[in-house]
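Structural overview
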Amino acid sequence: MGKGGEDYGKPEIITSKPTVLNVFPAWAKDIQECEKHYRVNRKSGLSSAEVENRRKVCGYNELEKHEGQSIWSLILEQFNDMLVRILLVAALVSFVLAWHEGEGSGKMEITAFVEPLVIFLILILNAIVGVWQENNAEKALEALKEIQSEQATVIRDGVKIPNLPAKELVPGDIVELKVGDKVPADMRVLELVSSTFRVEQGSLTGESEAVNKTNKLVSEAADIQGKRSMVFAGTTVVNGNCFCLVTQIGMETEIGKVHTQIHVAGQSEEDTPLKKKLNEFGEVLTMIIGAICVCVWLISVKYFLSWEYVDGWPSNFKLSFEKCAYYFEIVVALAVAAIPEGLPAVITTCLALGTRKMAQKNALVRKLPSVETLGCTTVICSDKTGTLTTNQMAVAKLVAMGDDPSSLRSFRVDGTTYNPSDGKIHDWPSDGMDANLEMIAKIAAICNDAGVTHSDHKFLAHGMPTEAALKVLVEKMGRPKGSCSGGSAVSDVLRCCQWWNKYECRIATLEFDRDRKSMGVIVNSKSGKRALLVKGAVENLLERSSKMQLLDGSVIPLDQNSRNLISDALHYMSSSALRCLGFAYKDELPEFETYDGSDDHPAHDLLLDPSNYSSIESNLTFVGLVGLRDPPREEVHQAIEDCKAAGIRVMVITGDNKNTAEAICREIGVFGPMEDISSKSLIGKEFMELLDKKAHLRQSGGLLFSRAEPGHKQEIVRLLKEDGEVVAMTGDGVNDAPALKLADIGIAMGIAGTEVAKEASDMVLADDNFSTIVAAVGEGRSIYTNMKAFIRYMISSNIGEVASIFLTAALGIPEGLIPVQLLWVNLVTDGPPATALGFNPPDKYIMKKHPRRSDDSLITAWILFRYLFIGLYVGIATVGVFIIWYTHGSFFGVDLSGDGHTLVTYYQLANWGQCSSWNNFTVSPFTAGNQVFYFENNPCDYFKGGKVKATTLSLSVLVAIEMFNSLNALSEDGSLLTMPPWVNPWLLVAMSVSFGLHFLILYVPFLAQVFGIVPLSFNEWLLVLVVALPVILIDEILKFIGRSTSGTRSSTQRPLKPKSD
């Protein structure tokens, strides 16, 4: 005897990996059964040998470390994108060609390698950003480990070990818990040393107040909140002292299950709606690029491959490697032109700007893509406590006695915070407090252990929130008539409470316990008389009261009619989801008449035994009651209305009880005041038992889920996502982390939220306010609209570049634009206007529209046609200006002969490869800036080195058209007459910057050499404007057609897909 496990006969196998079938329900078994199952004696604990045996089976009490992806696998993952692969191939081909040309000419020039180096740089930066984002994914699991207890007080071999590392605990260990301890494992309460034992477990279960624990068994079917005989790892002891039996450790604890759920949810993270659309666009673009490359290659074969027909069959094939390499370069240019390389940078910039705007509205975005995802949110799953409510208890109603036994007085109390100046008491007596109200104030102020302080412009409660709310009520009630200030400083928050505590000196406390459900204090007044002041559950105080105090302070017997009157008031307040507390006192305390708080007084022994408290608190005089609640935030009602107008459904998922949650939901507008919510309000268990859960979730309007556990929240989010909804989920506790991780947008609370919840989230609310989410959704919608504008703009520009290169190859003319020039346009010149489009002012009706579907097309068929048409014009314009310079001395009155260049026929330009066979072909020198180009020795070089002016004109036309096209992108269908350029002044600045950058590479000799261009004359700039400006007129005509036919097109669009399993 005396050694753990030696007096229980044949041993049972204890496993650390229980399944649903063999979990031992310790919460539903009596203490002797638990000791027998775990083969332990609570007085002596386990033996050292038994501990070692169990550790071999169960392992250590710690959470698993999931191996993350290696850095190399993360890097390789970044190259899974099809567009990235195309760019990579283009860069490699470009590098090989540059190397080959350098070897052929005998000199390696760095300018030849600019293009592949720039592409490689883009790919490297993209990979770095991707790896950095992936690397942050597992931080929630690390934060979870930090909330675990590090040490525990354990009984082993009959000896108490005070600071044992918590990871060394095994099932069956006996652990002592005291105030302030973190619970080291899931444990069954064996013995209460103090009269009460309370644990703060809200972060795990969602309960808004500390929970009283018991060593009595509960139902085996109890949910996590109902397991009152269990304490859970990671929670904190706030009151009392007890001994417990370890039942689960490590990954088998409730917090371990959360750890597993976070990991699983992290594995199933999906791409954002925008990322999916861009991926789809990339796949389509890949097919288009492939088709065009094949076409270009087929068109170009005749230029580098020749053959003769012998007996009807082709033979004597001749391959010109130089020309083959040239057309290979065209294909590379095509790939570079088709891919909007600058798009990732512009999207990142726009999202980053969006995060700054949201931060100003108290929404701190942790993951950039979530800014865009917010814009298509269709369902917000919100916690109640602290998000929809203030998470600050406040008295809402005060009921005092009337001037006769048949009447009560009711006062409505305003205020939602711990600020005594927040709100007032309605219908308060104009001449101040009467005797009955004074007694209520006295009890609320003195029978109270809480405090309120003012710090950083906030009023903070210390101690129990209900007690803090009572002290705030005392301040609103004021001091009794005729009282002086009592020396309290003006800056004191609780001046009235301090006055009462000086007037009546507290000398003993009868602590709250779960049986009598009350707390009492013995006070010594200035008159030297002892009195007992009590507050607690109204029903319990009524049972122990024999008298009642009337308005004037007179005391009369408490008859049955008065009891019924008070009970009716209690029922009415409780049905309004108010938590009710009663007040009573006793001024006849013969045992304590001379008690002064000293240990050697005979009455002191009575106070040492809590079983005496009920008899001391008997024959009370009842004086009144109050109704308290965690009030809804003032701005939430309007935010709920905004959600309804915006087509966003609100679902409230809380760990709190059903009645309280329903009352709050009615008050804030989730449900109507008289709405039948029998099918819309369920507790978590009821929902999980439904046969068709999706049908329940598809109901229109708001839904409420009470007493929800972590698994319930995850299931709701999973089903909503399966049904095509875009889900934003709020949470603050450890229990919310898996659902936050699983949701499209996980939103953690910045003030009340745990680090685990914050690390699992995509966004953190700095003010814990639901209305901030709604504001962020509006901002997300605005950002998405602007992103669509610049994505359309950049894609239309790329279509133009592709058309230009395709026409060049199809017509057989010299290459007008080289890859390094296209890279410059895509990355640098297009960047500023695209970024500036992100500053388009938001549509004032943006939160009156229903959310877009997550599968909505980024580019509709009409928009695609429009930009194909515009792109074709860009191709014609850039190729056309190239041809005009070679074949025309003037165009639309613009004289182009000033530089002295030689004109050729279109036939000669299209067949420039045969130049060496032409007779008497000569070319005159021409000027470009300060340079003169001569072709005396090789006239055919006029189509290679001599094309520098024509290439410059093509590039300048491309830049100018894209700048004017950015004006077209201000609105999808709106004319520039109704939405002029100055509505977004940043766009005008950006256009100036882009033109400035273009002038920089034109007029700085070194840069001009790198990009293969020359300065242009005034007349040549006029030609650029003549060719580029029509793009505005063309798009205005297309927009007009779009507006005129929008009704027809919208009626033929496919309807919303039906929600289906």
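Residues numbered from 1 in each chain as written. Predicted model: local features only at pLDDT ≥ 70, side-chain atom pairs only at ≥ 80, totals over all residues. Heavy atoms only, no water.

Glancing now at the pairing of strand 16 (residues 451-455). Here five bridges tie strand 16 to strand 17 (residues 458-462), and the two strands are oriented antiparallel to one another. Of the residues in strand 17, the one forming a bridge with H454 is F459. (Pairing = 2+ DSSP bridges. Helix = DSSP H or I, 4+ residues; strand = E, 2+ residues; numbered from the N terminus.)

Turning our eyes to something else, we now look at the sheet that holds strand 12 (residues 363-365). Strand pairs in the sheet, formed through backbone hydrogen bonds, run parallel or antiparallel to each other. Strand order in this open sheet of eight strands is 12-30-29-28-13-25-27-26, and the pairing throughout is mixed. On the outer flanks of this sheet lie strand 12 and strand 26 (681-683), each paired with one strand and no other. Taking each pair of neighbouring strands and ignoring which way they run, the sheet shows an average axis angle of 20°. Note that strand 12 and strand 30 (residues 763-765) share three bridges and pair antiparallel. Across the sheet, A363 pairs through a bridge with L765, a residue of strand 30. Packed on one face of the sheet, helix 21 (residues 658-668) meets strand 25 (649-653), strand 26 and strand 27 (703-706) and runs near 155° to strand 27. (Axes fitted to C-alpha atoms, helices over the stretch in contact; angles between N-to-C directions. Contact = heavy atoms within 4.5 Å.)

Vacant regions in the atomic arrangement are exposed by a probe of water-molecule size rolled over the atoms. Applying the stated criterion across every chain yields a total of two cavities of 30 Å³ or more. Its boundaries defined by the atoms lining it, the largest cavity holds a volume of some 90 Å³. Along its surface, the largest cavity is lined by 13 residues, and S804, T808, E815, G816 and L817 are the ones closest to its centre. Among the elements of the structure, helix 10 (321-338), helix 27 (770-811) and helix 30 (861-887) are those that each provide at least two residues to the lining of the largest cavity. Looking at the lining of the largest cavity residue by residue, the class counts come to seven nonpolar, five polar and one charged. The computed volume of the second largest cavity comes to approximately 50 Å³. (1 Å grid on protein atoms, 1.4 Å probe; cavity = no way out; pocket = protein on both sides within 12 Å on 5 of 7 lines; lining within 4 Å. Points joined across faces, edges and corners; volume = space filled by probe spheres on them. Nonpolar A, V, L, I, M, F, W, Y, C, P; charged D, E, K, R; others polar.)

Inspection of the secondary structure puts A508 in strand 18 (residues 504-510). By relative accessible area, which is 7% here, A508 ends up buried. For A508 and G597, which are 89 residues apart along the polypeptide, the C-alpha to C-alpha distance reads 6.3 Å. (Buried < 20%, exposed > 50% of the residue type's maximum accessible area, 1.4 Å probe, protein only.)

Take a nonpolar patch on the surface next. Side chains of F1018, L1022, L1025 and L1029 sit close together on the surface and give an oily, nonpolar patch of about 370 Å² of accessible area. For L1025, the location among the structural elements is in helix 35 (residues 1018-1028). Residue class for L1025 comes out partly exposed when judged on its relative accessible area of 36%. (Patch = residues over 30% accessible without salt bridge, like charges linked within 9 Å, V, L, I, M, F, W, Y side chains within 5 Å. Areas by Shrake-Rupley, 256 points an atom, 1.4 Å probe, with all protein chains shown as cover. Salt bridge = Lys/Arg side-chain N within 4 Å of Asp/Glu carboxyl O.)

This paragraph deals with the sheet that holds strand 3 (residues 174-177). Across the sheet, six strands lie side by side as 2-1-3-9-4-7; this open sheet has antiparallel pairing. If you trace the sheet from one side to the other, it starts and ends with strand 2 (159-165) and strand 7 (230-231), each paired once. For strand 4 (residues 186-192) and strand 7, the ladder comprises two bridges, and the chain directions are antiparallel. Residue R188 lies in a different strand from strand 7, and its bridge partner there is M230. The strands touched by helix 1 (residues 31-38) within the sheet are strand 4 and strand 9 (242-248), with strand 9 carrying the most contacts at an inclination of about 50°.

Right, let's talk about the packing of helix 27 against helix 32 (residues 948-968) for a bit. Relative orientation of the contacting elements helix 27 and helix 32 amounts to 150°, with a least axis distance of 10 Å. Here helix 27 is positioned roughly antiparallel relative to helix 32, judged by the angle of their axes. Crossing handedness for the pair helix 27 and helix 32: right-handed. Along its contact with helix 27, which presents Y793, S796, S797 and E801, the element helix 32 presents L958, E962, M963, N965 and S966. (Parallel < 35°, antiparallel > 145°, perpendicular 65-115°, else oblique. Left-handed = near helix turned anticlockwise from the far one by under 90°.)

Within the structure shown, the criterion is met by one disulfide. Linked covalently through their sulfurs, C915 and C940 form a disulfide whose S-S length is 2.0 Å. Its S-S torsion of about -95° marks the bond between C915 and C940 as left-handed, since a negative value means left-handed. Of this pair, C915 sits in the loop between helix 31 (906-910) and strand 33 (926-928) while C940 sits in the loop between strand 34 (931-933) and helix 32, and the two are 25 residues apart along the sequence. For C915, a relative accessible area of 3% corresponds to the buried category. You can call C940 partly exposed: its relative accessible area is 22%. (Disulfide = S-S within 2.5 Å.)

Right, let's talk about the pattern of salt bridges for a bit. Enumeration according to the criterion identifies 28 salt bridges in this entry. Salt bridges here are not isolated pairs; linked through shared partners, they connect K694, E715, R718 and E722.

Let us look at unusual backbone geometry. Peptide bonds are, in most cases, trans, and in most cases residues other than glycine have a negative phi. Unlike most non-glycine residues, D157 shows phi in positive territory, near 55°. Since its relative accessible area comes to 27%, D157 is described here as partly exposed. The phi torsion at K517 lies on the positive side, around 55°, for a residue other than glycine.

Quick look at the packing of aromatic side chains now. Applying the stated criterion across every chain, the model contains 27 aromatic pairs. For the pair W885 and Y886, a centre-to-centre distance of 5.2 Å together with 85° between the ring planes defines the contact as edge-to-face. According to the relative accessible area criterion, Y886 is buried, its value standing at 0%. Ring-pair connections join several aromatic residues into one group, and the members of that group are F882, W885, Y886, W918, F921, F926, F933, F935, Y942 and F943. (Phe/Tyr/Trp six-rings, centres within 6.5 Å; stacked < 30°, edge-to-face > 60°.)

Turning our attention to the nonpolar core. One finds F770, Y886 and F943 to be the most contacted residues of the largest nonpolar core, which totals 140 residues. The biggest single contributor to this core is helix 27, with 16 residues. With sequence-adjacent residues up to four places away left out, F770 is seen in contact with I380, S382, T387, L388, V636, A639, I640, C643 and V650. Among the nonpolar cores identified, the runner-up in size contains 55 residues, and F24, I31, L742 and A760 belong to it. (Core = buried A, V, L, I, M, F, W, Y, C linked by side-chain atoms within 4.5 Å.)

This next bit is on the confidence of the model for the protein. Looking at the protein, the pLDDT average stands at 81 and 85% of residues meet or exceed 70. Mean pLDDT values for the elements of the protein range from 49 in helix 6 (residues 139-146) up to 94 in helix 13 (residues 435-446). Predicted confidence for residues 1-21 stays below pLDDT 50, and this span has 41 contacts to residues more than four positions away or in other chains. Every residue in residues 1049-1061 scores below 50 in pLDDT, and together they form 15 contacts with partners more than four places removed in sequence or on other chains. (pLDDT = per-residue confidence, 0-100.)

Feature annotation in UniProt assigns "transmembrane region" (unreviewed entry) to the following positions: residues 82-100, 112-132, 284-305, 325-353, 858-886, 982-1004 and 1010-1034. Strand forms 0% of residues 982-1004 and helix 83%; the C-alpha atoms that close the span are 31 Å apart. (UniProt positions renumbered as here; feature names shortened; annotations may be inferred.)

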